[in-house]
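Descriptive analysis of the structure
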Amino acid sequence: TEKQRRQFVSDASHELKTPLASIRLLTDSIVQNANMDESTMREFVSDIGSEADRLQRTTEKLLDLSRLDDGVMVEEEPVDMKQVTMDALWLLRPIAAEKDVHIHSELADGCVVMATVDDIYHIVFNLAENAIKYNVSGGSVMLTLRGGDDTVEFITEDTGIGIPEEERLNVFSRFYRVDKARSRASGGSGLGLSIVHDAVVKHGGTITVGANKPCGTRFTVTFPRPTSEETGI
């Protein structure tokens, strides 16, 4: 446990150090160049803002992981996964349009789980956002929500770059990236899937990853369907 803790601190420090070093380099360039033209300065300031955004995203995810690690008991409530997914899609569609990725969905009614709205939103948003980010121009994302007698399933399928089979066991590890350069370029911290995994498990669910035929990745989240006594519905 102590070895894992030291590794986590080391990885977290590295993730924070990289954008901080970029900000320092950019600010030093502005300070040292008294004759910098306005357009170049605006470009540098914009880059500083982008690195600050990356820092904020990373620290927010670290705080989410800390909350999950603490094992703080939360009061679960009935959560309508269809409504949460629709809320997430409202914010994700402009991102998909910018990357020329088409989103399709089949969302069944009555897919209620016992969790918190925030945790379910994190799960849905992170998986759908990854399916968009690591897709190809002209690609597609399919979101499926369906309920069985005892379970509720949420599935994301994309036509993107895919995850090699030998890498799939590691994708839920903290700070793990399949494609280091491409993930960093897209702003990925290697924390999103770890947060998703821990949130799913916290509410009694499971998550699996596999290939999407003929190309891309498929994530399947399965929650136990609560009884009417649990939901009060």
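Scroll up to find the structure this text is about.
Since the model is a prediction, treat every value here as computed from it, not as a measurement. (Residues numbered from 1 in each chain as written. Predicted model: local features only at pLDDT ≥ 70, side-chain atom pairs only at ≥ 80, totals over all residues. Heavy atoms only, no water.)

Turning to helix α4 (residues 117–133), a few remarks are in order. With 17 residues, α4 should cover 24 Å at 1.5 Å per step; its first-to-last C-alpha distance of 24 Å lies within 8% of that length. Taken across its 17 residues, α4 has 12 buried, putting it largely inside the fold. Listing the buried residues of α4 in full gives Asp 119, Ile 120, Ile 123, Val 124, Phe 125, Asn 126, Leu 127, Ala 128, Glu 129, Asn 130, Ala 131 and Ile 132. (Helix = DSSP H or I, 4+ residues; strand = E, 2+ residues; numbered from the N terminus. Expected span 1.5 Å × (residues − 1). Buried < 20%, exposed > 50% of the residue type's maximum accessible area, 1.4 Å probe, protein only.)

Looking now at the pairing of strand β7 (residues 217–224). When you tally the buried positions in β7, you get six out of eight residues, the bulk of the element. Here seven bridges tie strand β5 (residues 151–158) to β7, and the two strands are oriented antiparallel to one another. Of the residues in β7, the one forming a bridge with Glu 153 is Thr 222. Between strand β6 (residues 206–211) and the antiparallel strand that follows it, β7, lie five residues; Gly 216 among them carries a positive phi value of about 105°. (Pairing = 2+ DSSP bridges.)

The next thing to look at is the layout of surface pockets. Within this model, the second largest pocket holds a volume of roughly 250 Å³. Contributing to the lining of the second largest pocket are 11 residues, with Glu 60, Lys 61, His 122, Phe 125 and Asn 126 lying nearest its centre. Mapped onto the lining of the second largest pocket, the elements with two or more residues apiece are α2 (38–70) and α4. Examining the composition of the lining of the second largest pocket, we find that six residues originate from one element, α4, more than from any other. (1 Å grid on protein atoms, 1.4 Å probe; cavity = no way out; pocket = protein on both sides within 12 Å on 5 of 7 lines; lining within 4 Å. Points joined across faces, edges and corners; volume = space filled by probe spheres on them.)

With that out of the way, let us pick up the nonpolar core. Ranked by internal contacts, the top residues of the largest apolar core, which has 38 residues, are Met 81, Ile 120, Ile 123 and Leu 127. For this core, the leading source of residues is α4, giving eight residues. Counting residues in hydrophobic clusters, the runner-up holds seven residues, among them Ile 23, Leu 26, Phe 44 and Leu 55. (Core = buried A, V, L, I, M, F, W, Y, C linked by side-chain atoms within 4.5 Å.)

The next point concerns the packing of aromatic side chains. Counting across every chain of the model gives two aromatic pairs. Judged by centre distance (5.6 Å) and plane angle (20°), the ring pair of Tyr 121 and Phe 125 falls under stacked. A residue pair is termed a helical-turn pair when its members lie 3 or 4 positions apart in one helix, as Tyr 121 and Phe 125 do in helix α4 at four residues. Ring plane angle 70° and centroid distance 6.2 Å describe the contact between Phe 172 and Phe 219, whose orientation is recorded as edge-to-face. Of the two residues, Phe 172 is situated in the loop between β5 and α5 (180–185) and Phe 219 in strand β7; the sequence distance between them amounts to 47 residues. A single burial state applies to Phe 172 and to Phe 219, both of which are buried. (Phe/Tyr/Trp six-rings, centres within 6.5 Å; stacked < 30°, edge-to-face > 60°.)

Relative to each other, α4 and helix α6 (residues 192–202) sit at 140°, their axes nearing to 9 Å. α4 and α6 meet at a crossing whose hand is left-handed. Across the interface between the two elements, Asp 119, His 122, Ile 123, Asn 126, Leu 127 and Asn 130 of α4 pack against Gly 192, Leu 193, Val 196, Ala 199, Val 200 and Lys 202 of α6. Residue composition of the contact of α4 with α6, by class: six nonpolar, four polar and two charged. (Axes fitted to C-alpha atoms, helices over the stretch in contact; angles between N-to-C directions. Left-handed = near helix turned anticlockwise from the far one by under 90°. Contact = heavy atoms within 4.5 Å. Nonpolar A, V, L, I, M, F, W, Y, C, P; charged D, E, K, R; others polar.)

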